[in-house]
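# Topology and contacts: notes
In case you want the letters, here they are:
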Amino acid sequence: MLSSHRLKAGGRAFAQIAQFHPELTALRRDLHAHPELGFEEVYTGSRVKEALKVCGVDEIHDGIGRTGIVAVVRGRSTASGAMVGLRADMDALPMAEHNDFAWKSCKQGLMHGCGHDGHTAMLVGAARYLAATRDFDGTAVLIFQPGEEGFAGARVMMEDGLFDRFPVQSVYAMHNWPAMKPGTVGLNDGAMMAAADRITIHITGRGGHGAHPYQTVDVVLVAAHLITAVQSIVARNVRPIDSAVVSLCAIQAGDLGAFSVLPGTATLVGTVRTFDHEVQALVERRLHEVCSAVGLAFGATVALDYQRIYPATINTEAEARFAGDVAEALVGHENLVRDMEPSMGAEDFSFMLQTKPGAYLRIGQGMGASGVALHNSRYDFNDDILSLGAALHASLIERAMPLPVA
C-alpha cells in the first residue's frame, strides 16, 4: 500500500484532517475487528456515537431506520438555509475473513469485505473537521446508514422519515475502489451502478425413475434448456449499445445420493443487472415469456418470481459536475476521472438519489498488499486514504454552502 506520508492532497481540510489520521486509523481497525450485519450494527453504532460526541457535533439522532445514525453540524452561519447530506454505510458481509493482521475480524463468518468500516471512519473524520472549523453557511447532515449489503438500509431510513426530518437539498456518498490507485477519484454524470433484480424460477414436473424418463416430466432437462435460453435475451433482444446482464447463479434439484431418481421440482436463482428502466422492463418481460414457452415445450410448469431489489445509481448532472470540481481541487486534474465507466454492481444509495439530487463517487485505494478486490476474504480497506476521503466529504460541505464573502 502507499504509505500515508506520501499520499498528498490540496486544501486546508486535508492538511488538518491528516493530523488526526492515526486516530481515524485506530477507529477503522476497531470497526473492522467487530463486523456486524445489516440492522445489527449495535457495536458499530455505539463507537460512531462515542466518536461524534468527542467531535462536538451539534446533534446526534439514532434509531433512524432501526440502527441508522444521523449527526448534524451547523456552520458558522445558517442564514442560507441550505442543508447538504453526506452518507456512509456501516454494515459488513456474511463471509469468513482469511487475513492474519491484528485487526482481523473477531467474529466467525463475518467480515468487512467491502470497506464500509473505512467509509464510516472517513465520515467521522469529516464530522470532526466540520465541527471544529464550521467554515460554511448552512447545515451538514451526516448519515451513517445500516444495511447496505442487500437490506436496502437507505430505503428503510427514508421510510423512517430521514429526509422529512432532515430535508437536504442534495446528498453525496463515496465508495472505495481497489481498481483505482490511492489519491484518485472517479465519477460520471449519469449511471454509476446498475439496478439489481433477483430472479427465482420454480420448475414443477413429474419425478420418476431415471431408467424410465419417458414416464416423467424431467425438470433437470427443463432447467438445462432454461439456462441456455435465457442467455439469448441479452444477446438477441437488448440493443448492443445498451447494457444488461442475466446470470443464473444457482440450481437446486434432486438428491446427489439418488443417482437414478429424476426429481419432480427444481429451482433456479439468479440476477438481472441493467441501467435503463426500459431495458429492465424488456428483460423482465422476455424472461416471463421464455420461462412460459420452455415450460410449455416440455410439459412442465415454470413460474418466474421477479423482484426489483435496488434501482440503478444515477448521478444528477449538476451535482456530479460540482463533486468533480471539488475532487479536482483536492487531488488535481490528473488524478480525477470524470467519465468513469459504470459498474454492473449495485448500491442502495440509489434510493436516495431517486429522491434527492446528488452524486456517488469512487475513491481509489489500490489493490493492497494482498492484491484483491472487494468482497474477497483477504480484502482490507487502505487506511492511507482515510484523510483524503474525510477531506473530500468535508470539502463538499464547504463548497456547497460557502460562507458569504465579507
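Note that the coordinates shown come from a computational prediction; the quantities given were computed from them, not determined experimentally. (Residues numbered from 1 in each chain as written. Predicted model: local features only at pLDDT ≥ 70, side-chain atom pairs only at ≥ 80, totals over all residues. Heavy atoms only, no water.)

### Description of the environment of Asp 189
Among the secondary structure elements, Asp 189 is positioned in the loop between β6 (185-186) and β7 (191-193). Under the relative-accessibility criterion, Asp 189 is labelled partly exposed at 46%. Along the backbone, Asp 189 and Leu 93 are 96 residues apart, and their C-alpha atoms lie at a distance of 29 Å. Setting aside residues no more than four positions away along its own chain, Asp 189 makes contact with Asn 315, Glu 317, Ala 320 and Arg 338. (Helix = DSSP H or I, 4+ residues; strand = E, 2+ residues; numbered from the N terminus. Buried < 20%, exposed > 50% of the residue type's maximum accessible area, 1.4 Å probe, protein only. Contact = heavy atoms within 4.5 Å.)

### Overview of the nonpolar core
Residues Leu 142, Phe 144, Leu 162 and Met 352 are the most contacted members of the largest nonpolar core, which totals 87 residues. For this core, the element with the most residues is helix α4 (residues 116-133), which contributes nine residues. Residues contacting Met 352, with those up to four places away along its chain left out, are Arg 87, Ile 143, Gln 145, Ala 154, Met 158, Leu 162, Phe 163 and Val 171. (Core = buried A, V, L, I, M, F, W, Y, C linked by side-chain atoms within 4.5 Å.)

### Observations regarding the domain arrangement of the protein
Domain annotation of the protein identifies domain 1 (12-193 + 312-401) and domain 2 (195-310). Distance between the C-alpha centres of domain 1 and domain 2: 37 Å. Across the boundary between the two partners, domain 1 contributes 20 residues, which contact 10 residues of domain 2. For the pair domain 1 and domain 2, the summed buried area comes to about 950 Å², and 69% of that belongs to carbon and sulfur atoms. When residues of domain 1 are sorted by the area they lose upon contact with domain 2, Ala 312, Met 344 and Ala 346 head the list and together hold 57% of the total. Counting across the interface, domain 1 meets domain 2 through zero salt bridges. The interface formed by domain 1 and domain 2 contains five residue pairs in polar contact (both at pLDDT 80 or more). Secondary-structure elements contributing two or more residues to the side of domain 1 that touches domain 2 are β7 and α11 (349-355). Here the side of domain 1 that touches domain 2 is composed, by residue class, of 10 nonpolar, five polar and five charged. (Domains from an automatic or database assignment. Buried area = accessible area lost by both parts, 1.4 Å probe. Salt bridge = Lys/Arg side-chain N within 4 Å of Asp/Glu carboxyl O. Polar contact = N/O pair within 3.5 Å; in protein donor to acceptor, adjacent residues only side chain to side chain. Nonpolar A, V, L, I, M, F, W, Y, C, P; charged D, E, K, R; others polar.)

### What to know about the sheet that holds strand β13 (residues 301-310)
Here we have four strands laid out as an open sheet, ordered β10-β12-β8-β13, and antiparallel in their pairing. One side of each edge strand has no neighbouring strand; the edge strands of this open sheet are β10 (244-253) and β13. For this sheet the average axis-to-axis angle between neighbouring strands, irrespective of direction, equals 20°. Relative to strand β12 (residues 265-274), strand β8 (residues 195-204) runs antiparallel, the two being bridged by 10 bridges. In the sheet register, Ile 201 faces β12, and the bridge partner there is Leu 268. Along the sheet, helix α7 (residues 219-229) contacts β8, β10, β12 and β13; its crossing angle with β8, the most-contacted strand, is approximately 150°. Packing against the sheet, helix α9 (residues 277-298) makes contact with β8, β10, β12 and β13, and its axis sits at approximately 165° to β13. (Pairing = 2+ DSSP bridges. Axes fitted to C-alpha atoms, helices over the stretch in contact; angles between N-to-C directions.)

### Considering the packing of aromatic side chains
What the rule picks out here adds up to five aromatic pairs. Ring centres of Phe 39 and Phe 151 lie 5.8 Å apart, and the angle between their planes is 75°; on these two criteria the pair is classed as edge-to-face. Separated by 112 residues along the polypeptide, Phe 39 in the loop between α2 (21-33) and α3 (42-55) and Phe 151 in the loop between β4 (139-145) and α5 (153-159) bring together distant segments of the chain. Relative to Trp 103, the ring of Phe 101 lies with its centre 4.5 Å away and its plane at 15°, an arrangement referred to as stacked. For Phe 101, a relative accessible area of 18% translates into the label buried. The lysine or arginine in question, Arg 29, covers the ring of Trp 103, its NZ or CZ lying 3.7 Å from the ring centre. (Phe/Tyr/Trp six-rings, centres within 6.5 Å; stacked < 30°, edge-to-face > 60°. Lys NZ or Arg CZ within 6 Å of the ring centre and 35° of its normal.)

### Examining the sheet that holds strand β15 (residues 336-337)
Strand order in the open sheet formed by eight strands is β1-β2-β4-β3-β5-β16-β6-β15, with mixed pairing between adjacent strands. With partners counted over all chains shown, the strands left at the sheet margins are β1 (59-64) and β15, one partner each. Bridge count for strand β2 (residues 68-74) against β4 is six bridges, and the pairing is antiparallel. Looking at the pairing, Arg 74 lines up with Thr 139 of β4. Across the sheet, α3 is in contact with β1, β2 and β4; its angle to β2 comes to roughly 10°. Across the face of the sheet, helix α12 (residues 386-400) comes into contact with β3 (83-89), β4, β5 (170-177), β6 and β16 (358-364) while running at roughly 165° to β3.

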